Every structure is written in structure tokens, then in C-alpha cells.
Amino acid sequence: MAASHFLSERSVDHVVLERGEVANSWRRERWDSLRLLTPNWQSRLPGHHYGGPDPDGYMTMPEVVGFIDRFAALTGAPVRTGTTVTSVRRTDDGYRVTTDQGELACRTVVIASGACNRPAVPALSEAVPDEVVQLTPFDYRNPGRLPDGGVLVVGASATGVQLAAEIQRSGRPVTLSAGEHVRMPRVYRGRDVLWWMDAAGVWDQRYDEVPDLTRARSLASPQLVGTRERATLDLNALTELGVELVGRASMVRDGELLFSGGLRNVIRLADLKLDRLLTAFDEWALESEVEADLKAPERFEPTRVPASTRLRLDLRGGAIRTIVWATGFRPDYSWLDVPVVDTKGRLDHDGGVVAGPGLYALGLPVLRRRKSTFIHGIEDDARDVIAHLDGYLRS
Amino acid sequence: MTAVDSIDNGVNVQALLEAREALKGAPEAAQFTWRSTTRWENGVHTTSTVKDYSGLGADHEHKAESTFVADHPEVFAATDNGITPIEYLLVGLGSCLTAGIASVAQNRGIQLRSVEATLEGAHDIRGILGADSDVRNGYNGIKVSFNIDADASKEDIEALVAQSQKRSAVFDALTNPTDVTVEVV
């Protein structure tokens, strides 16, 4: 729809195809308690800003749906809802798009189907004994729907830490399996940490300036949660709640899940990275006008690592009734019959310009800038990509 | 790049970075097989040799064959002709992490002056003796202490050590399970 906004601005005839309703994934594929990680004032779409009473708060999913609905109405985007694309094929002069509502011929296609169409669950899940219930964040709604008893949450991104916390609070003892992760305080020197990412220019870093783009594009979401209290939800906070930390899940052998003994190092890596990030913030602040308004710099307590972590967990003994795979998501391009997807299922694109002529992408992590991952990142990305598309149509 | 070019830890990082790029498109060439052979001498005394390996689609030989003697100490009622097999794991881990530190330091433009690792493996031998079935055979834990003198801050040195663990073959082999097949031919 952001693309539609800029296409309309350039008077390019277009349609927006939506498999369900507007903001479909926000309506159906999220758990009940989820709020955006970004504060309300940061939720910006082209020509559309948050105008409510709580700029520092975080939108619930119904609020996100309302926000996007209003944007759709405002832009007058020509959306065809309830239209599922089943195939996109190259033709002599463009693309043939097949949907469950018929076919369309077009010169260009903007792929805006998102990066989180399917949960990415590791192959070792196949060896988990049948008596353990396995869920992904797409299936999970709230802790009340889980069986009573222990829960293993695999993955320590925003999803993993949020689910671990609320499940632990429900009285189900949680074990959290953590690989590499991104630690962040919710608030630093009195400002939301994402204010810093924005203000200090971290998010404006262009994709072609990022040293390791493949890594940046596959980085786990930071350990953040949007709450009224603006509470930090790092591994120390989870330890205080009583969550048991273990290393990365490696394999299932004889009904036992085996964990890496490398937890201490992934924790150290995250602590060191956090300190480097805060140092960069402090250095930026010194040169800026806001320094005087900020609280003093601080450093956070190193993450506490258990003296000896559990290396194995019996999945047949009944101690673990549920495993939640918070192991990330991947896009689904099964409908894209154009050879632009690599062996790892990633779209081959250069800042949203896909390898196929007239084919474009929007709404992927670090598409053109670090902020591309977030809602407010779409405006600059869509402007740039649609400018390229318009140039292609005129050439 | 001046800082990077002017420091020298003796690691050819450029070659490694080039290999990384080349192998991205040629996963089959990246498949290596390392080999060793072990011959029983007498008692718990063995001699192992390492000479050839394969990788990059070809067979290779080290410049020279290496020989490793293993035995068990006299407190195990053995002849102590060499170190205990489980001590070789410490040798492997220490040398792998130290090599990683030199490589990462070279890549990050950090000049090393000295690096020394001290490794300790905590081992409850009731496991191997079968004295207590709740005790595992292998190490209960390994502690590695690095003493590093380099042109870098404490934080940068810690980051070197952390990155070295992240990319270490032996650290991974020890901290994660590996499928092991043993057969009689």
C-alpha cells in the first residue's frame, strides 16, 4: 500500500492484491498480547502518522490493524481483497499473474508479501517424541491454551523472550534455549532505545554500506517488548522470573534434546555488542544538541549465566509438555515462477530491485536501509523502489 | 585499511576472505575430510599418525607426517609414554581458539604481541571406571583462560576471544553433539 501511494503520486495504473483482508497477517498470525516493538510516534506511513494520546506507547494488534485500515482509506489504494496469487510468470512484455480470482497481465510486479510467511522450524523438531505438543508463533495465542506443565521455548529473539516471559508468568515453568541473540534495554538514558536507533542514524545506514549484508538481513529481532511500563526484557529479566536458560538446541537423541555448551559465549557476544552500541549512542549524543536533555550514560549488568547449564533434557519424562519454536520466519515464494529465489529461499534483489526485469520487492529486512525491517522504514524504501519502477516503465 | 595493512600477526586473511567468497558458490569444494590412524602399542599405549587429508576436490598431504603418542599416567597404573587421549582435546581446543584469535585480530587490524591460553578440563573419572552410572565419561566442563598482550582495549580483546569461539571448529565439536560411527572392517 505504501507502493500504491507512490504509484498514484506518479499516476501509474496499478492494483494491490491481498490474499485476505487489509493487514491480514496482523489480524490472524499474531499472538494475543503482542504489541509493536516500535513506539507509536515511530509508526509512520507515507502521509499517515499516529495521532493518538500516547506517542510513547506501543500499538496492540487491533490498533495496528486500525492504523493500516485508516492508511488504506486515506490512500484510496485500489486493493482487491480475498485474492490469492497462485503464480507469477514472465511473459514477452511483463508478467502474467494468476490468482484464485482470475488472471492479470502487467508490465511490472512489486512483491510485498513480507518476510514472515512461514515459521522456520529446525529439522530436529521431527525427532521430538509425539507426546510433546509442538507450536510455532503462528499457532500460539496465549498461555492458557497450552497444556499445564513445563514449556521449552526455543529461540531468544523478541518472539522467544516475550513468549517465555508470559508463559512463565502463567505458572508453567519455562526453559529457554538461546543461540545468538540481540540484547537491548527498552530505555537508555531516558529515551526509548529505538529512538536512539533512529536519532543516531543507525537505521538510516544504507544496505550497500552494511559490512555484512547477509548477516544483517538474517539477524534475529532484538530482545524487546512493548509494555506500558517500558520494561526491559533481556535474559537477566527472564532469569529473575525463574526461566531456566540453556544453550542452542542441537539435536534429539534417544528422546532427549541436546543443547550446545556454548551459551556463555553467545551471551558474551550479545553483551559486548550491546556495549558497543551504547558507546556509539553516547558518542553521537556528545556531538548532538540533545546531550543536555539526556540522563547520564550507563552500562548494564552483564548477563548472568548459570554456573553450569543443562546440556540435555528428557522429552519423554513429562517434565516438558510443550515446545514453542520461536526460531524465526521465512518468506514463501512458492507462487513465484521466476528464477529469482536462491537455494536458501531468499529473493535475489539489489535494494528491492529484483534480478528479473520489472520485478521489485518491498517490506524485507534491511531491503534498502537498516530501518526497512520496521513499519516506518517503508516510506523511503517505497519512494526509491517506485521511482526505479517508474523509470523502467518509461525506458 | 592502513591500520590493517601495517599490522602483522602472520595470518593471510586476504586468502581466507577470498576462499570464503569462492566457496560460497562451490559448496562441494568446501567438503574436507581429515584423517588419522591409530596403532596399538601395548597396554593403553598407542601411536597415532596424521599425514593426508582431502579437500578442494583433491587429496593432499601435510609437509611431514606427525606422530602423537598417547598413554595414561602412572596413577592409572599405566606406563605414561605420552599424554592421555582426553588431554588431546585440550590441545585441539587451545590451538584452535588461539589460531582463531590471531586470524580475527589480523582481520580487525589488531597487532598481537603475545597470546597464551591455559586450559583446564574437569573430569570425574568414576564415569570411565564404571564406578557411578550417573557420572559421564567425558569432561564435566572445560575452562580456558587467555592472557593476551595486544594493541587493543580490554573490550576489543574480549570481542576477539568471543568471535574466535564463534568460528572455532573444535569449540563447536566439543560444545555440540557430533554423530560418531564406529565400525569393524
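Owing to the predicted nature of the structure, the values given are computational and were not obtained by experimental measurement.

What counts, and at which threshold
- Residues numbered from 1 in each chain as written.
- Chains lettered and ligands numbered in written order.
- Predicted model: local features only at pLDDT ≥ 70, side-chain atom pairs only at ≥ 80, totals over all residues.
- Heavy atoms only, no water.
- Axes fitted to C-alpha atoms, helices over the stretch in contact; angles between N-to-C directions.
- Helix = DSSP H or I, 4+ residues; strand = E, 2+ residues; numbered from the N terminus.
- Parallel < 35°, antiparallel > 145°, perpendicular 65-115°, else oblique.
- Left-handed = near helix turned anticlockwise from the far one by under 90°.
- Contact = heavy atoms within 4.5 Å.
- Nonpolar A, V, L, I, M, F, W, Y, C, P; charged D, E, K, R; others polar.
- Pairing = 2+ DSSP bridges.
- Buried < 20%, exposed > 50% of the residue type's maximum accessible area, 1.4 Å probe, protein only.
- Buried area = accessible area lost by both parts, 1.4 Å probe.
- Salt bridge = Lys/Arg side-chain N within 4 Å of Asp/Glu carboxyl O.
- 1 Å grid on protein atoms, 1.4 Å probe; cavity = no way out; pocket = protein on both sides within 12 Å on 5 of 7 lines; lining within 4 Å.
- Points joined across faces, edges and corners; volume = space filled by probe spheres on them.
- Domains from an automatic or database assignment.

## Here we look at the packing of helix H3 (residues 85-107) of chain B against helix H5 (residues 154-166) of chain B
All names here are of chain B. Running from N to C, H3 and H5 point in directions that differ by 120 degrees, and their axes come no closer than 8 Å. If you check the angle between H3 and H5, you find them oblique. In the crossing of H3 with H5, the sense of the turn from one axis to the other is right-handed. Here Leu-97, Gly-100, Ile-101, Val-104 and Ala-105 of H3 come into contact with H5, specifically with Leu-160, Val-161, Gln-163, Ser-164 and Gln-165. Taken together, the residues that form the contact of H3 with H5 break down as six nonpolar, four polar and no charged.

## Here's the deal with the sheet that holds strand S7 (residues 102-106) of chain A
Residue and element names in this part refer to chain A. The three strands lie next to each other as S5-S6-S7, forming an open sheet whose pairing is antiparallel. Of all the strands in the sheet, the pair left with one neighbour each is strand S5 (85-91) and S7. Averaged over all neighbouring strand pairs, the angle between strand axes comes to 20 degrees, with direction disregarded. Pairing geometry for strand S6 (residues 94-99) and S7, over five bridges, is antiparallel. Among the inter-strand pairings, Val-97 is bridged to a residue of S7, identified as Leu-104.

## Some details on the pairing of strand S19 (residues 320-325) of chain A
Residues and elements named next belong to chain A. In terms of burial, S19 is largely enclosed, as five of its six residues are buried. Across three bridges, the pairing between strand S10 (residues 133-135) and S19 is parallel. Within S19, the position partnered with Leu-135 by the bridge is Val-324.

## As for the pairing of strand S2 (residues 37-42) of chain B
All names here are of chain B. Counting buried positions over the six residues of S2 gives zero, only a small fraction of the element. Both S2 and strand S3 (residues 45-55) contribute to a ladder of five bridges, which runs antiparallel. What sits directly across from Thr-37, in S3, is Thr-49. Taking the residues between adjacent antiparallel strands as the criterion, S2 and S3 are bridged by two residues, where Gly-43 takes a positive phi near 60 degrees.

## Focus on the interface of chain B and chain A
On the side of chain A, 16 residues touch chain B, which itself brings 13 residues to the contact. Between chain B and chain A lies a buried interface of about 1,100 Å² when both sides are counted; carbon and sulfur atoms form 54% of it. The tally of links from chain B across to chain A stands at two salt bridges. Arg-268 of chain A serves as the salt-bridge partner of Glu-158 of chain B, at 2.1 Å between the closest nitrogen and oxygen. Contributions of two or more residues to the side of chain B that touches chain A are made by H5 and helix H6 (169-175) of chain B. A total of seven residues in the side of chain B that touches chain A trace back to one element, the largest contributor, which is H5 of chain B. Across the side of chain B that touches chain A, the residue classes break down as four nonpolar, five polar and four charged.

## Focus on the pattern of salt bridges
All names here are of chain A. In total, this model carries 43 salt bridges over all chains according to the counting rule given. With a closest N to O distance of 3.8 Å, Glu-180 and Lys-273 form a salt bridge. Of this pair, Glu-180 sits in the loop between strand S12 (174-177) and strand S13 (187-188) while Lys-273 sits in helix H8 (residues 263-287), and the two are 93 residues apart along the sequence. You can call Lys-273 partly exposed: its relative accessible area is 32%. Measuring nitrogen to oxygen at the nearest pair gives 2.9 Å for the salt bridge that ties Arg-369 to Asp-381. Placement of Arg-369 in the loop between strand S23 (359-361) and helix H9 (378-394) and of Asp-381 in helix H9 is noted, with a sequence separation of 12 residues between them. Each of the two residues, Arg-369 as well as Asp-381, counts as buried. Among the ionic contacts, a cluster of salt bridges with common partners joins Asp-204, Lys-371, Glu-379, Asp-380 and Arg-383.

## A few points about the sheet that holds strand S18 (residues 312-314) of chain A
Residue and element names in this part refer to chain A. The three strands are arranged S16-S17-S18 in an open sheet whose pairing can be described as antiparallel. The two strands at the open ends of the sheet, each matched to only one other strand, are strand S16 (249-253) and S18. Looking at each pair of strands side by side, their axes are set apart by 20 degrees on average, direction ignored. Across three bridges, strand S17 (residues 256-259) lies against S18 in antiparallel orientation.

## Overview of unusual backbone geometry
Excluding glycine, a negative phi dihedral is what most residues carry, and trans is how most peptide bonds are arranged. One non-glycine residue with positive phi stands out, namely Val-366 of chain A, at about 50 degrees. Looking at Val-366 of chain A, the relative accessible area reads 4%, which means it is buried. Residue Leu-56 of chain B is not a glycine yet carries a positive backbone phi of 55 degrees. By the element assignment, Leu-56 of chain B lies in the loop between S3 and strand S4 (58-70).

## Brief notes about the layout of surface pockets
In this structure, the second largest pocket spans a volume of roughly 1,800 Å³. Around the second largest pocket sit 46 residues that line it, and Gly-261 and Gly-262 of chain A together with Gly-141, Ile-142 and Thr-175 of chain B are the ones nearest its centre. Looking at the lining of the second largest pocket, the element that brings in the most residues is strand S6 (residues 141-150) of chain B, giving seven residues. Residues of the lining of the second largest pocket, tallied by class, amount to 24 nonpolar, 14 polar and eight charged.

## Focus on the domain arrangement of chain B
All names here are of chain B. Structurally, chain B comprises domain 1 (2-29 + 84-175) and domain 2 (31-73). Measuring from the centre of the C-alpha atoms in domain 1 to the corresponding centre in domain 2 gives 21 Å. On the domain 2 side, the residues contacting the seven residues of domain 1 number 11 residues. Considering only the side of domain 1, the residues that lose the most area to domain 2 are Ala-29, Thr-84 and Tyr-88, jointly responsible for 66% of the buried surface there.

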